[in-house]
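One-letter residues, chain by chain:
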Amino acid sequence: MEPEWWNDVMYPAYQTIEDDFELLQQRQLKKIKTKEGDGKEEEKEKESGSSSSKKGKRSKKSNFSSRELKNLLQDGTYQPKKWNNLQFGKQEELLDSLDKVLTKLKNYSDHSYPFLTRVRKSDAPDYYDIISNPMDLATMTKKLNKCEYSSKAEFQEDLRLIFSNCRTYNTDPTAKIYLQHADAMEKKARELMKSVKNISGDEEVAEDNKGTEKESKQPKKKLKKEKYFWR
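Remember, predicted model here, so these are calculated numbers, not experimental data. (Residues numbered from 1 in each chain as written. Predicted model: local features only at pLDDT ≥ 70, side-chain atom pairs only at ≥ 80, totals over all residues. Heavy atoms only, no water.)

Enquirer: Help me understand the overall build of the protein, please; the structure alone is not making it clear to me.
Expert: Helices and strands together make up the secondary structure of the protein, namely 10 helices and zero strands. Pairs at least 24 apart in sequence give 65% of the contacts found in the protein among residues at least 6 apart. In the structure as shown, the protein presents an accessible area of about 18400 Å², 51% of it carried by carbon and sulfur atoms. (Helix = DSSP H or I, 4+ residues; strand = E, 2+ residues; numbered from the N terminus. Contact = heavy atoms within 4.5 Å. Areas by Shrake-Rupley, 256 points an atom, 1.4 Å probe, with all protein chains shown as cover.)

Enquirer: I tried to follow the packing of aromatic side chains on my own but got confused; where do I start?
Expert: The relative placement of two aromatic rings is captured by the distance of their centres and the angle of their planes. A full pass over the atoms with the stated rule returns four aromatic pairs. Ring centres 6.1 Å apart and planes at 90° place the aromatic pair Phe115 and Phe163 in the edge-to-face group. With Phe115 in the loop between helix 5 (109-112) and helix 6 (127-130) and Phe163 in helix 8 (residues 152-169), the pair connects residues that are 48 residues apart, well separated along the chain. For the residue pair Phe115 and Phe163, the accessibility class agrees, reading buried in each case. On the basis of an interplanar angle of 75° and a centroid distance of 5.3 Å, the ring pair of Tyr149 and Phe155 is categorised as edge-to-face. (Phe/Tyr/Trp six-rings, centres within 6.5 Å; stacked < 30°, edge-to-face > 60°. Buried < 20%, exposed > 50% of the residue type's maximum accessible area, 1.4 Å probe, protein only.)

Enquirer: Just to check I follow, could you spell out the environment of Lys197 for this structure?
Expert: Tracing the sequence through the fold places Lys197 in the loop between helix 9 (176-193) and helix 10 (201-209). Setting aside anything within four residues of it in sequence, one finds Lys197 in contact with Glu93, Leu94 and Lys152. Reaching out from Lys197, the side chain makes a polar contact with the side chain of Glu93 at a distance of 3.3 Å. (Polar contact = N/O pair within 3.5 Å; in protein donor to acceptor, adjacent residues only side chain to side chain.)

Enquirer: Where do I start with the environment of Lys100 in this structure?
Expert: Among the structural elements, Lys100 can be located in helix 4 (residues 91-106). Look at Lys100 and you get buried, because its relative accessible area is 17%. The sequence separation of Lys100 and Met193 amounts to 93 residues, and the corresponding C-alpha distance is 9.9 Å.

Enquirer: Sorry, what's going on with the packing of helix 8 against helix 9 here?
Expert: Each pair of packed helices can be summarised by the angle the axes make with each other and by the distance between the axes. Where helix 8 contacts helix 9, the axes come no closer than 9 Å and their chain directions differ by 165°. Regarding the angle of helix 8 to helix 9, the classification is roughly antiparallel. Crossing geometry of helix 8 relative to helix 9 is assigned as left-handed. Residue-level inspection shows Lys152, Phe155, Gln156, Leu159, Phe163, Cys166 and Arg167 of helix 8 in contact with helix 9, the latter providing Tyr178, Leu179, Ala182, Asp183, Met185, Glu186, Ala189 and Met193. Looking at the contact of helix 8 with helix 9, its residues break down into 10 nonpolar, one polar and four charged. (Axes fitted to C-alpha atoms, helices over the stretch in contact; angles between N-to-C directions. Parallel < 35°, antiparallel > 145°, perpendicular 65-115°, else oblique. Left-handed = near helix turned anticlockwise from the far one by under 90°. Nonpolar A, V, L, I, M, F, W, Y, C, P; charged D, E, K, R; others polar.)

Enquirer: Quick question: what am I supposed to make of the pattern of salt bridges here?
Expert: Proximity of charged atoms lets side chains of opposite charge pair with each other. Scanning the model with the defined rule gives seven salt bridges in all. For the salt bridge of Glu186 with Arg190, the shortest nitrogen-to-oxygen distance reads 3.8 Å. Pair noted here: Glu186 and Arg190 are both in helix 9, with a separation of four residues, about one helical turn. Since its relative accessible area comes to 15%, Glu186 is described here as buried. (Salt bridge = Lys/Arg side-chain N within 4 Å of Asp/Glu carboxyl O.)

Enquirer: Teacher, can you tell me more about the nonpolar core here?
Expert: Across soluble globular proteins, nonpolar side chains have a tendency to be buried as a group. Ranked by size, the top nonpolar core spans 28 residues in total, and within it Leu98, Leu137, Met140, Phe155 and Leu159 carry the most contacts. Counting only elements with at least two residues in this core, the list comes to helix 4, helix 7 (137-145), helix 8 and helix 9. Those residues within four positions of Phe155 in sequence are excluded, and the remaining contacts are Leu98, Val101, Leu102, Met140, Tyr149 and Met193. (Core = buried A, V, L, I, M, F, W, Y, C linked by side-chain atoms within 4.5 Å.)

Enquirer: Would you mind going over a nonpolar patch on the surface with me for this structure?
Expert: Nonpolar side chains collect at one region of the surface, where Tyr113, Ile177 and Tyr178 lie side by side and expose about 290 Å² of accessible area between them. Tracing the backbone shows Tyr113 in the loop between helix 5 and helix 6. (Patch = residues over 30% accessible without salt bridge, like charges linked within 9 Å, V, L, I, M, F, W, Y side chains within 5 Å.)

Enquirer: How should unusual backbone geometry be read in this particular structure?
Expert: Most peptide bonds adopt trans geometry, and most residues besides glycine take a negative phi value. Here Asn85, not a glycine, exhibits a phi torsion of approximately 60°, which is positive. With respect to the secondary-structure elements, Asn85 resides in the loop between helix 3 (66-74) and helix 4. For Cys147, which is not glycine, the phi torsion reads 60° and is therefore positive. Classification of Cys147 as buried rests on a relative accessible area of 0%.

Enquirer: Help me understand helix 8 in this model?
Expert: Since the α-helix turns once every 3.6 residues, residues separated by three or four places project in the same direction. Under the 1.5 Å per step criterion, the end-to-end length of helix 8 is 26 Å for 18 residues, consistent within 8% with the ideal 26 Å. For helix 8, the set of buried residues is Lys152, Phe155, Gln156, Asp158, Leu159, Leu161, Ile162, Phe163, Ser164, Asn165 and Cys166. Tucked into the core, helix 8 has its buried residues touching helix 4, helix 6, helix 7 and helix 9. (Expected span 1.5 Å × (residues − 1).)

Listed below in structure tokens is the structure:
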């Protein structure tokens, strides 16, 4: 009598092509179902994510102050600074305007490069023998950051000083190019300063004292209107 394993070897289970086709169909159906299930789960996740993001957008508040938003609307590239040690209420508005002017002057690269930083002795050994009160755009930036400008006139005086120093020192005909740079920068500065309001701490103090103190019998001194004051 033959053993059982002999029958399995000699007479294996017969499988037709139709059986193979049915197995393939079942496997394909399983794959399709699993894909559909995964797709539905992804859609649910997207829906839940979008709803949560919408809620987040509604609840979010702007971190910008009204002043910062105003500046951004006026000039998309300008980022207002945070000023410390303000001397009077409207000085913030003044400093914002002066900062814009100074930034545009420094970016006027065709003509601004001689005035960006302090003149070095190595470049001009006798400069400080001739110029007793030097000024440059970098020094003005430092003064602005320290809130040292309390009026439009003070800022204009430093600009005037830069250009007058240039004309005083560069008397040699070979240095004519620097005079041309000074003229172009002064013209640009005049245009930009037209947008700056006449704000000063003295005006604010005068408004506060108005009506509280008696007017002095002595005549008031008139301020001199210098030619270099750009209105």
